[in-house]
Amino acid sequence: MEGKSIKVSAPGKVIIHGEHSVLYGKTALAVALGLRSTVAIKELPPTDDPKIHVEFPNVGLHEKLSLKAVFDLFSITSGDNPQDWTRPEELDHDVHLRKVDEALRKVRPAFDDLPSNQKSSLRGFLYAFGGIFASSSRIADLSVSVTTDLTVGAGTGSSASFAVCLCGAMVQLVKLKSAGRVTDFSPEERRIVSAWAFNCEKITHGAPSGIDNTTCTYGSLVSFKKGEEPLLLSSPEFRILLVDSRVGRETSKLVASVAALRSRNRAAVDHIMDAVDHVAVTAAALLEKLSRTKSSTDIDVIYEQLNELWGMNHCLLAALGVSHPALEAIRSAASGRGLACKLTGAGGGGNAIVLIPPSTEEAKVEELKAELLNGGFRVTDTLVGGAGIQNHE
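Conventions adopted
- Per chain, residue numbering runs from 1 following the sequence as it is written.
- Under the rules for a predicted model, residues below a pLDDT of 70 receive no local features and side-chain atom pairs below 80 are neither given nor counted, while totals for whole chains, interfaces and linings still include all residues.
- The basis for every side-chain value is the complete set of non-hydrogen atoms in the structure, without hydrogens or water.
- UniProt positions are given in the numbering used here, feature names are shortened, and annotations may be inferred rather than shown by experiment.
- Only Phe, Tyr and Trp rings take part, Trp by its six-membered ring, and two of them pair if their centres are within 6.5 Å. Stacked means planes under 30 degrees apart, edge-to-face means over 60, and tilted covers everything else.
- Only DSSP runs of H or I covering at least 4 residues are called helices, and only runs of E covering at least 2 are called strands; the numbering of each starts at the N terminus.
- Accessibility here uses a 1.4 Å probe with only protein chains present; expressed as a share of the type maximum, an area under 20% marks a residue as buried, one over 50% as exposed, and anything in between as partly exposed.
- Patch criteria: residues need more than 30% relative accessible area and no salt bridge. Like-charged residues are merged within 9 Å; nonpolar side chains of Val, Leu, Ile, Met, Phe, Trp and Tyr are merged within 5 Å.
- Only the protein chains shown count as cover for residues, with accessible areas throughout obtained via the Shrake-Rupley method and a probe of 1.4 Å.
- Note on definitions: salt bridges are taken to be side-chain nitrogens of Lys or Arg within 4 Å of carboxyl oxygens of Asp or Glu.
- Under the convention used here, Asp and Glu are negative, Lys and Arg are positive, and both His and the chain ends fall outside the count.
- Note on charges: their place is set at NZ of Lys, CZ of Arg, CG of Asp or CD of Glu.

- As recorded in an unreviewed UniProt entry, the protein chain goes by the name Mevalonate kinase, listed as coming from Iphiclides podalirius.
- The UniProt entry for the protein chain carries this comment under Pathway (unreviewed entry): "Isoprenoid biosynthesis; isopentenyl diphosphate biosynthesis via mevalonate pathway; isopentenyl diphosphate from (R)-mevalonate: step 1/3."
- One UniProt comment on the protein chain, placed under Subcellular location (unreviewed entry), says "Cytoplasm".

### Observations concerning the packing of aromatic side chains
Turning to step 1, where the next piece is worked out: The tally for this structure, following the rule as stated, stands at five aromatic pairs.
Turning to step 2, where the next piece is worked out: An angle of 75° between the planes, with centres 6.2 Å apart, marks the rings of Phe56 and Phe125 as edge-to-face. In this pair, Phe56 sits in strand 3 (residues 51-56) while Phe125 sits in helix 3 (residues 116-133), placing the two residues 69 residues apart along the sequence.
Turning to step 3, where the next piece is worked out: Where Tyr127 meets Trp196, the ring centres are 5.9 Å apart and the plane angle is 75°; that geometry is what we call edge-to-face. In this pair, Tyr127 sits in helix 3 while Trp196 sits in helix 5 (residues 187-205), placing the two residues 69 residues apart along the sequence.
Turning to step 4, where the next piece is worked out: Through a chain of ring-to-ring contacts, three or more aromatic side chains come together here, namely Phe56, Phe125, Phe129, Phe133 and Phe162.

### With respect to unusual backbone geometry
Turning to step 1, where the next piece is worked out: The backbone of His20 shows a phi angle near 70°, a positive value even though the residue is not glycine.
Turning to step 2, where the next piece is worked out: Its location among the elements puts His20 in the loop between strand 1 (5-17) and strand 2 (28-43).
Turning to step 3, where the next piece is worked out: Judged by relative accessible area, which is 6%, His20 ranks as buried.
Turning to step 4, where the next piece is worked out: A positive phi angle, close to 65°, is found at Arg246, a residue other than glycine.

### Here we look at the UniProt feature "domain: GHMP kinase C-terminal" (unreviewed entry) in the protein chain
Turning to step 1, where the next piece is worked out: Here the UniProt-annotated "domain: GHMP kinase C-terminal" (unreviewed entry) positions come out as residues 298-370.
Turning to step 2, where the next piece is worked out: Here residues 298-370 runs as 58% helix and 14% strand, with 31 Å between its end C-alpha atoms.

### Points about the UniProt feature "domain: GHMP kinase N-terminal" (unreviewed entry) in the protein chain
Turning to step 1, where the next piece is worked out: Summarizing the sequence annotation, UniProt attributes the feature "domain: GHMP kinase N-terminal" (unreviewed entry) to residues 140-219 in the numbering used throughout.
Turning to step 2, where the next piece is worked out: The distance separating the terminal C-alpha atoms of residues 140-219 is 33 Å; by composition the span is 61% helix and 9% strand.

### Here's the deal with a negative patch on the surface
Turning to step 1, where the next piece is worked out: Side chains of Asp298, Asp300, Glu304 and Glu308 sit close together on the surface and give a patch of like negative charge.
Turning to step 2, where the next piece is worked out: With respect to the helices and strands, Glu304 occurs in helix 9 (residues 296-319).

Okay, here's the thing in structure tokens:
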């Protein structure tokens with residue numbers, strides 16, 4: 001693969017319905033976000049001591065790791081029965097992660113002293129590299145760079161997008177080594193990428209639900225219920241404003257506060273959870289219908305219904321105590337222009353999303369963006385429901 005390169009991208013995600021209620025067995029809906037992460041891999045001129053040049057500028061990471069040390073460790077520990085990289089669901093995660101940590105402590109002095117986001121990024125990278133590609137006997141200098149449009153830790157799937165990109169790039173690297181070229185991802189390769197990314201997500205989140213890696217891999221709309229496999233649904237691309245309140249929040253504390261509220265008012269909270277579930281299921285059906293609808297009149301009617309559901313969902317979440325004055329200010333500004341707005345993610349700050357129907361006057365959108373920016377919020381005008389992982393070479 002001398003002189004060749006690989007470039008892969010994957011979207012982030014936002015939850016549009018089902019925040020908090022998903023933890024109680026209800027339906028959640030996620031859509032692919034029009035903000036993406038990109039991994040670029042290039043073969044460099046050969047040297048006597050091949051290295052991986054790691055460039056992850058979004059977390060301030062710039063490293064050179066000895067390829068020989070990495071390959072030696074993974075080839076030695078794989079023994080006579082190496083793991084089949086196409087079956088990541090059969091991988092012993094804890095054993096593989098111990099290999100990763102052993103390798104990093106060997107090739108990167110003071111690895112344990114790095115900031116947590118840099119450690120997680122290196123662990124995720126070597127987890128994918130060691131599991132998918134390091135069984136290869138080919139050692140050559142490589143550069144691996146990751147860039148992203150996503151804000152790290154903002155609830156928009158940045159870690160899953162990162163993981164899907166890395167795992168997808170490693171799958172393409174295997175194809176480039178074996179066949180001399182890369183191709184679009186097949187359905188089976190997407191399955192493999194999503195499963196590897198799910199394993200990588202365990203490094204950051206411990207017990208991920210699977211909705212993030214599925215959405216970032218496959219794109220469009222994903223429905224999820226706890227204990228069940230995520231479902232891929234049809235959805236058109238539609239426009240939103242992603243509004244960062246610039247208010248930090250701790251998801252664990254918000255989850256705990258909802259649980260405490262439920263312990264004091266179980267029947268009332270359970271009714272709220274049922275209502276949120278109804279909103280999510282109804283919205284999924286409307287989005288699937290929207291993907292098949294051609295009539296502009298019918299499209300307008302569907303958006304009116306979606307607007308109502310967004311408003312209901314936000315108010316139900318506010319009743320659980322997970323809104324915030326900044327989120328209410330964003331919602332008020334949108335409502336003043338006839339646009340639906342709701343919090344997304346855990347709440348308590350973080351992001352809000354404003355639905356922009358196609359019939360909306362552009363002047364209203366620009367006025368809203370200006371007001372929000374003047375209020376100190378960060379605004380991203382983007383599409384959701386688009387493509388998942390993509391190959392760009």
